[in-house]
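# Summary of the model geometry
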Amino acid sequence: MLFNSIEFAIFLPIVFILHWFVFSRTQHSRNLLLTAASFLFYGWWDWRFLLLMVGTATVDYFLAQVIGSSANPRVRKWVLAGSLISNLGVLFFFKYFDFFVQSFAESFTFFGGHLTATSLNIVLPVGISFYTFQALSYTIDVYRGNLKATKDYLAYLTFISFFPQLVAGPIERATNLLPQFTRLPKFDYDVAVNGTRLILWGLFKKIVVADNCAIAVDVIFGRYTELSSSTLALGAMLFAFQIYCDFSGYSDVAIGTAKLFGIDLMTNFSLPYFSRNIPEFWRRWHISLSTWFKDYVYIPLGGNRGTLRIRIRNILVVFLVSGIWHGANWTFVVWGLLNAVYFIGYGLIIRGTADARIVAHDHVFPSVKELLQIGSTFLLTTVAWVFFRSETVTDAFRYLRRMVSPSLFSMPQPFPVKSLMAVGILLLIEWIQRRKAHGLDFEWTRVPAVARWTVYLVICIIVILNMGEPQKFIYFQF
Amino acid sequence: MVSRYTRNCALFIVVLLAIVFGFYFTSKRSYQDDLFKFPSSRNILVAGDSRTALSINDTIFSRAINVSNPAELYVYTYAKLKKLLPLNPQVDTVLLSFTFHSLTELTAHWSADVSMIRERLPRFAPLLGLEEESDLAIAAPLTFFEGLLETDRKNFSNILSSKRLSQFGEIGIGGYNPMAGEMSDWQATVKPEKDADEKMNTPYGMQIKYLEKIITLCSERGVTVILFSPPVHSSNPRRSMTPVILKKSLPSVSDKILLLDYSEMQYADSLYRDYLHFNPRGAKVFSSYLQQNGLRPFSGE
């Protein structure tokens, strides 16, 4: 079930009404409803993968119980290893098996041999990368003592399967989310209204900006050998906004939806394209995944302690794994490595602590220096996005090579006016709202109800006018 | 507090739906009458679904004008005829596509398929009356709503572009529709439809209703309706069932209405693109036959 579909528009109010008017007397009944709703939401795609999700989650539930109840460090370590193998094994099989088989066969051919690879044509379950990482964070946190293993199987199942964030994040930590299913929430009117605004903002980003950019991006990337450099540059830039609005739009709808049920999910994006440098970009982009890698991969490897070589190694490992997490294609590996090079390069050149506050936090316009910093960071990330979007590494290199030629200064053809207008409006709103939580986070109490509703209606109508065939979210493929 | 929030949301949704529906009804463009006027030499109107859309080339069968449309339910045909007949008094015959599946649940997906309604409703909306819209909405409510939203989108962009149509074919609601293809290619890829036998035995009420309405409409205008079944490839096991289905589904009408059943007329495989439709070569041959022989009943020759 897609967030931007009529089925979800019917599903959500029904679940909301049942939640607050029928099932919220006890936390048990409430979790029952949320789990059932989540199963329906996920099973809408394919009920078979529902069994996979419940199966892997149940394995982790029992393994965490063993870890939590055992005082023997060896037993705890081995059981944790079992959880890692179980989760990563399932992920590897469904996501990477065919890729590694094909790559192995190709490398055999490269060295002069001949090997016919039999692909299993395995169907990738939606959201597998997200819920396996979420489940892993639970068992690891129990192992580390950050969290007690829960005996409430239903609360645990609700934590794993909670439908707003099940298929594309944010990847929640058990320490944040699980306790919210062990107590009854109280309905907060302001939180619910804010959640609704966030849903609207997320749909605007996804449908009006991302889906419009996608039309131009598909044409440009599909015909890149025929188009001018300026068009290719525009295509790369539009893809940067497509993936941002697609993914952050989904996260906004997920977080907003969760708020309707009294659940607080973590922020996943914080205006990444206003970043002044690469480390800041990674503090603002897909925050739930980057903090997951930081806490469960980078820091256990040593983090930024140790020699320069070890620190570089740690950064390379994290970005390589992050690239692989995104998909079974060498383009994602190169994307990850490129970002690692950026990150390492910045760390080697710049000393001192970067400003954690948003750019131009105390003035209206950015300074020239800030503008150059934002521009250069955006340029670097856009170059990396070309690998992310391309079918193959060769295509990406060809695309980038063709982007640098005298026709870079010509007028792009085709010239996607609608996409550029949508991006312009997005940037304007996000700039004005950069100190706030999201694009529609205004001081609404000062605005008369008629004016507020007019704004909401206009946004809804703009979203409806831009809806075509419901487009999948890009991160569903991960 | 939750009641207040729910009430406000419900009110908002009502207002939004009122705008969506209101815009649908108020922004329906009317097609100019001159788009629907055909030359006085064309006294036969060919209407219906892809069976006639692909088989009758009206540049060859020159007494006819083909306004058929692939996957067209009779409700759309009825809406078209309501507009066409008063503007074309020279029309004395309507050749209406009729096949063994026309009145069965096998055609139900034409109203339930979202991509079809998204493509179709915006074009037909100006011709549909409230009764037709209600029937389509009842047949597949969510799908109809998606079609309604798409109609709003198309109408909005039409208002912005103010493009003027200059001929019937530009509306996109019918016309001879040649589709290339070879029987052998189709046979290599075709998969049997699930539950086809069950659907064949289940009548589809909306199709029956609007076939009767078409017959009544034509009768009121003194126009002869002829149910017309173009040739069906010999590999189709149901090709002889057309008169049987008619008698079973419309017993009160089947004796009074003429069925021109060419289903069992034999043509070479190379003239078909699949077991129900001609390719352009087949359409040319069949249309030439009709041009030379007129609307003669097929008696197994």
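Higher on the page you've got the structure.
Scope of this entry: the structure provided in the associated data block. Since the structure is predicted, the reported quantities are computational estimates derived from the model, not experimental observations. Per-chain numbering applies: the sequence of each chain, read as written, is numbered from 1 onward. Starting at A for chains and at 1 for ligands, labels are handed out in the order in which the entities are written. Under the rules for a predicted model, residues below a pLDDT of 70 receive no local features and side-chain atom pairs below 80 are neither given nor counted, while totals for whole chains, interfaces and linings still include all residues. Just so you know, side-chain values use all the structure's heavy atoms and leave hydrogens and water out.

### Some points on the pattern of salt bridges
Cut-off, in case you're wondering: Salt bridge, as applied in this entry: a Lys or Arg side-chain nitrogen positioned within 4 Å of an Asp or Glu carboxyl oxygen.
According to the stated counting rule, one finds 26 salt bridges over all chains in the structure shown. The partner of Arg-273 of chain B in a salt bridge is Asp-274 of chain B, with the nearest N and O atoms 3.4 Å apart.

### Thoughts on the interface of chain B and chain A
Filter applied, for reference: Contacts: residue pairs with any heavy atoms within 4.5 Å of one another. Reported buried area values correspond to the accessible surface (1.4 Å probe) lost by two parts on association, with both partners' losses combined. Definition of a polar contact: a pair of N or O atoms within 3.5 Å, with one able to donate and the other able to accept a hydrogen when the atoms are protein atoms, and with sequence-neighbouring residues admitted only if both atoms are side-chain atoms. Labels follow the DSSP assignment, with helices taken as runs of H or I lasting at least four residues and strands as runs of E lasting at least two, numbered in each case from the N terminus. Polar here means any residue outside two lists: the nonpolar Ala, Val, Leu, Ile, Met, Phe, Trp, Tyr, Cys and Pro, and the charged Asp, Glu, Lys and Arg; Gly therefore counts as polar.
Taken together, the 22 residues of chain B in the interface contact 24 residues of chain A. Buried surface at the junction of chain B and chain A, both sides included, amounts to about 2,100 Å², of which 80% is carbon and sulfur. The tally of links from chain B across to chain A stands at 0 salt bridges. The tally of links between chain B and chain A comes to 4 residue pairs in polar contact (both at pLDDT 80 or more). At the level of elements, α1 (2-26) and α7 (141-161) of chain B are the ones that each hand at least two residues to the side of chain B that touches chain A. Ranked by residue count, the leading element in the side of chain B that touches chain A is α1 of chain B, at 12 residues. Each residue belonging to the side of chain B that touches chain A can be placed in one class, and the counts come to 13 nonpolar, 3 polar and 6 charged.

### Concerning the pairing of strand β1 (residues 44-47) of chain B
All names here are of chain B. The criterion, for reference: Each residue is assigned to one of three classes by its accessible area relative to the maximum for its type, calculated with a 1.4 Å probe on protein chains only: buried under 20%, partly exposed between the two thresholds, exposed over 50%. Here the rule is simple: two strands pair whenever DSSP picks up at least two bridges between them.
Residues Ile-44 and Val-46 point to one face of β1 and Leu-45 and Ala-47 to the other, with burial holding for every one of them. For β1 and strand β3 (residues 93-97), the ladder comprises 4 bridges, and the chain directions are parallel. When the bridges of β3 are listed, Val-46 appears paired with Leu-95.

### Some remarks on the packing of helix α12 (residues 287-301) of chain A against helix α13 (residues 308-326) of chain A
All names here are of chain A. How we decide: Axes here refer to lines fitted to C-alpha atoms; in helices the fit is confined to the stretch in contact. Angles between the N-to-C directions go from 0 to 180 degrees. In these notes the angle categories are as follows: under 35 degrees is roughly parallel, over 145 is roughly antiparallel, 65 to 115 is roughly perpendicular, and the rest is oblique. In a left-handed crossing the near helix is turned counterclockwise from the far helix by less than a right angle, and in a right-handed crossing that turn is clockwise.
Their axes nearest at 10 Å, the elements α12 and α13 cross at an angle of 140°. Here α12 lies oblique to α13, going by the angle between them. For α12 against α13, the interelement crossing comes out right-handed. On α13, the residues touching Leu-289, Phe-293, Val-297, Tyr-298 and Leu-301 of α12 are Arg-313, Asn-314, Ile-315, Val-317, Val-318, Val-321, Ser-322, Trp-325 and His-326.

### Let's talk about the pairing of strand β4 (residues 224-229) of chain B
All names here are of chain B. Within β4, 5 of the 6 residues are buried, which leaves the element mostly enclosed by the surrounding structure. One ladder, built from 5 bridges, connects β3 with β4; its direction is parallel. The residue of β4 that forms the bridge with Leu-96 is Leu-227.

### Notes on the packing of helix α5 (residues 128-144) of chain A against helix α6 (residues 153-161) of chain A
A pair of packed helices can be characterised by two numbers: the angle between their axes and the separation between those axes. Residues and elements named next belong to chain A. Here α5 crosses α6 at 140°, and the two axes come no closer than 9 Å. One finds that α5 runs oblique with respect to α6. Of the residues in α6, those in contact with Tyr-131, Gln-134, Ala-135 and Tyr-138 of α5 are Tyr-156, Phe-159 and Ile-160. Class assignment for the residues of the contact of α5 with α6 results in 6 nonpolar, 1 polar and no charged.

### Things to note about the sheet that holds β4 of chain B
All names here are of chain B. Across the sheet, 5 strands lie side by side as β2-β1-β3-β4-β5; this open sheet has parallel pairing. Single-partner strands in this sheet number two, and they are β2 (64-66) and β5 (258-261). Between one strand axis and the next, the sheet turns by 25° as a mean value, whatever way the strands run. In the sheet, β4 pairs with β5 via 4 bridges, with the strands oriented parallel.

### Focus on the side chain of Ser-263 of chain B
All names here are of chain B. Relative to the assigned elements, Ser-263 resides in the loop between β5 and β6 (272-274). One polar contact links Ser-263 to Asp-261, side chain to side chain, over a distance of 2.3 Å. The contacts of Ser-263, once residues within four sequence positions are left out, are Ser-229, Pro-230, Pro-231, Val-232, Arg-239 and Thr-242.

### Considerations on the nonpolar core
Going by this rule: Throughout, nonpolar core names a set of buried Ala, Val, Leu, Ile, Met, Phe, Trp, Tyr and Cys residues whose side chains join them through atoms within 4.5 Å.
Counting residues in each nonpolar core, the largest one holds 210 residues, and the members touching the most others are Tyr-138, Tyr-273 and Trp-385 of chain A together with Leu-45 of chain B. Broken down by element, the residue count for this core peaks at 18 residues, all from helix α9 (residues 189-222) of chain A. Filtering out sequence-adjacent residues up to four positions away, Tyr-273 of chain A remains in contact with Ala-240, Phe-241, Ile-243, Tyr-244, Phe-281, Trp-285, Ile-374, Phe-378, Thr-381 and Trp-385 of chain A. By size, the runner-up hydrophobic cluster in this structure holds 20 residues, among which are Met-183, Tyr-272, Phe-286 and Tyr-289 of chain B.

### Some words on the packing of aromatic side chains
The following threshold applies: Here a pair means two rings of Phe, Tyr or Trp (six-membered ring of Trp) with centres within 6.5 Å. Their orientation is stacked below 30 degrees between planes, edge-to-face above 60, and tilted elsewhere. By definition, being over a ring means that NZ of Lys or CZ of Arg is both within 6 Å of the ring centre and within 35 degrees of the ring normal.
Within this structure, the stated rule accounts for 80 aromatic pairs over all chains. Their ring planes at 80° and their centres at 5.1 Å tell us that Phe-130 of chain A and Trp-325 of chain A sit as a pair that is edge-to-face. In this pair, Phe-130 of chain A sits in helix α5 while Trp-325 of chain A sits in helix α13, placing the two residues 195 residues apart along the sequence. Judged by its relative accessible area of 1%, Phe-130 of chain A falls in the buried class. A cation over a ring is seen here: Arg-434 of chain A above Trp-431 of chain A, with NZ or CZ 4.0 Å from the ring centre. Between the NZ or CZ atom of Arg-4 of chain B and the centre of the ring of Tyr-189 of chain A, over which it lies, the distance is 3.9 Å.

### With respect to a nonpolar patch on the surface
Applied cut-off: Residues with no salt bridge and a relative accessible area higher than 30% make up the patches, which join like charges within 9 Å and nonpolar side chains (Val, Leu, Ile, Met, Phe, Trp, Tyr) within 5 Å. Only the protein chains shown count as cover for residues, with accessible areas throughout obtained via the Shrake-Rupley method and a probe of 1.4 Å.
Residues Ile-10, Ile-14, Ile-17, Leu-18, Phe-21 and Val-22 of chain A together with Leu-142 of chain B make up a contiguous nonpolar surface patch of about 540 Å² in total accessible area. With 5 residues, helix α1 (residues 6-21) of chain A is the largest single contributor of residues to the nonpolar patch. In this fold, Leu-142 of chain B is placed in helix α7.

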